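Each chain, written out:
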Amino acid sequence: MGSAKKSTATARKARIEEMRRAEQSRERRNRILTISASAVVVAALVAGAIVLVQSQSDDDSTAADGKGKGHFVTGSDGVKSWKGTLGRNHVVKTVSYPMEPPVGGDHNQVWMNCNGDVYTKALNNMNAVHSLEHGAVWVTYTAKAKKADVDALAAKVKKTPYTLMSPDDKQKDPIVLSAWGHQRTVTGASDPNVDKFFEKFVQGAQTPEPGAACTGGLGQ
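The structure contained in this document is the topic of the report that follows.

Reading guide: rules and limits
Throughout this description, residue numbers start from 1 for each chain and increase along the sequence as written. The predicted nature of this model means local features are confined to residues of pLDDT at least 70 and side-chain atom pairs, given and counted, to a pLDDT of 80 or more, with totals for whole chains, interfaces and linings taken over all residues. Derived side-chain values reflect all non-hydrogen atoms in the structure, with water molecules and hydrogen atoms excluded from consideration. Here, two cysteine sulfur atoms that lie within 2.5 Å of each other are counted as a disulfide. Starting at the N terminus, helices and strands are each numbered in turn, a helix being any DSSP run of H or I of at least four residues and a strand any DSSP run of E of at least two. Paired rings are identified among Phe, Tyr and Trp, the last through its six-membered ring, by centres lying within 6.5 Å, and are further divided according to the angle between planes into stacked (under 30 degrees), edge-to-face (over 60) and tilted (the rest). Throughout, exposure labels follow a simple rule: accessible area from a 1.4 Å probe, protein chains only, divided by the maximum for the residue type, with under 20% read as buried, over 50% as exposed, and the rest as partly exposed. Lysine and arginine charges are scored as sitting over a ring when NZ or CZ, respectively, is within 6 Å of the ring centre and within 35 degrees of the ring normal. In what follows, salt bridge is the name for a side-chain nitrogen of Lys or Arg lying within 4 Å of a carboxyl oxygen of Asp or Glu. By definition, two strands form a pair when at least two bridges between them are found by DSSP. Under the rule applied, a polar contact is a pair of N or O atoms within 3.5 Å (in protein, one hydrogen donor and one hydrogen acceptor; residues adjacent in sequence only if both atoms are side-chain atoms). Here a residue-residue contact requires only that any non-hydrogen atoms of the pair lie within 4.5 Å.

By the definition in use, this model includes 1 disulfide. Disulfide pairing is shown between Cys114 and Cys214; the S-S distance is 1.7 Å. Taking the sign of the S-S torsion, about -90° here, the bridge from Cys114 to Cys214 comes out left-handed. With Cys114 in the loop between β2 (80-84) and β3 (115-118) and Cys214 in the segment after α5 (192-201), the pair connects residues that are 100 residues apart, well separated along the chain.

In structure tokens form, the structure reads like this:
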């Protein structure tokens, strides 16, 4: 059974590495296209973007409330799953989410970098939710979490692509793990449910945009 788990973990690691290589290849192609574009085309794109943002700002006036109908249902494994609609619109206004930290909903068009990124300050939820849309697992903690647990979780995140970590003193429990549409609390870094959650939800089946970038976004 141990060899089967090791084989699964190896296959999962290989799949993530393959997506990272594809992502890097796309980024290189995009840079080449950007550099070779003429000034006239760039000016046209800028003008178009301004018009788009202005239009989006007007359209988003009623999309800034993330409190859609829904509720959490806790499974036998302790994972809470959101039953209801989670919007996926890109908005420019502040979104009010029905849970803290949020597990989905309308969000900012720029994601937080989630390539094993550990942040020391609270994040803008609207950027972090975009990371969840890309298949990231978000580890959050309050001041009540033990420093040893925070350090151990940070070390785990740093070596795991498609994860990020940050403090969140607005949440109820000391340590929370979140993915798109799913969430659970854990007792500490040694809680076996940490590995189980990572295994299931890092680029898991719940991911709305599998393989989307976790780099090239917003850093702190």
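Time to look at the packing of aromatic side chains. As enumerated under the stated definition, the model contains 2 aromatic pairs in all. Plain terms: the ring middles of Phe197 and Phe201 are 4.5 Å apart, the flat faces sit at 50° to each other, and that makes the pair tilted. You can see Phe197 and its partner Phe201 sitting in helix α5, 4 residues apart, about one turn around the helix. Both residues of the pair, Phe197 and Phe201, belong to the buried class. Sitting over the ring of Phe198, Lys156 keeps its end group 4.8 Å from the ring centre.

Taken as a whole and assessed by the stated rule, the structure comprises 4 salt bridges. The closest approach of N and O atoms between Glu209 and Arg88, which form a salt bridge, is 3.2 Å. Of this pair, Glu209 sits in the segment after α5 while Arg88 sits in the loop between β2 and β3, and the two are 121 residues apart along the sequence. With relative accessibility at 41%, the residue Arg88 sits in the partly exposed group. For the salt bridge of Asp151 with Lys147, the shortest nitrogen-to-oxygen distance reads 2.7 Å. In this pair, Asp151 and Lys147 are both assigned in helix α4 (residues 147-158), 4 residues apart and thus about one turn of the helix distant. Classification of Lys147 by relative accessible area gives exposed; the value is 61%. A network of salt bridges, in which partner residues are shared, links Arg88, Glu133 and Glu209.

Of note, the bond from Glu100 into Pro101 is cis; its omega dihedral lies within 30 degrees of zero at -5°. In this structure, Gln203 takes a positive phi of about 55° despite not being glycine. Residue classification places Gln203 among the buried residues on the basis of a relative accessible area of 5%.

Okay, the pairing of strand β6 (residues 175-179) next. In summary, the side chains of a regular strand alternate between the two faces of the sheet. Most of β6 is tucked away, with 5 of its 5 residues classed as buried. Sheet topology note: the strand β4 (residues 137-141)/β6 ladder contains 4 bridges and is antiparallel. Across the sheet, the residue bridging to Val139 is Leu177, located in β6. In this structure, β6 lies alongside strand β7 (residues 182-185), joined through 4 bridges in antiparallel fashion. From the neighbouring strand, Leu177 faces β7, where its bridge partner is Arg184.

All right, on to the side chain of Ser81 then. Mapping Ser81 onto the fold places it in strand β2. Ser81 sits in the buried class, given a relative accessible area of 16%. Polar side-chain contacts of Ser81 include one of 2.9 Å to the side chain of His182. Ignoring anything within four residues of it in the chain, the contact list for Ser81 reads His71, Phe72, Val73, Gly181 and His182.

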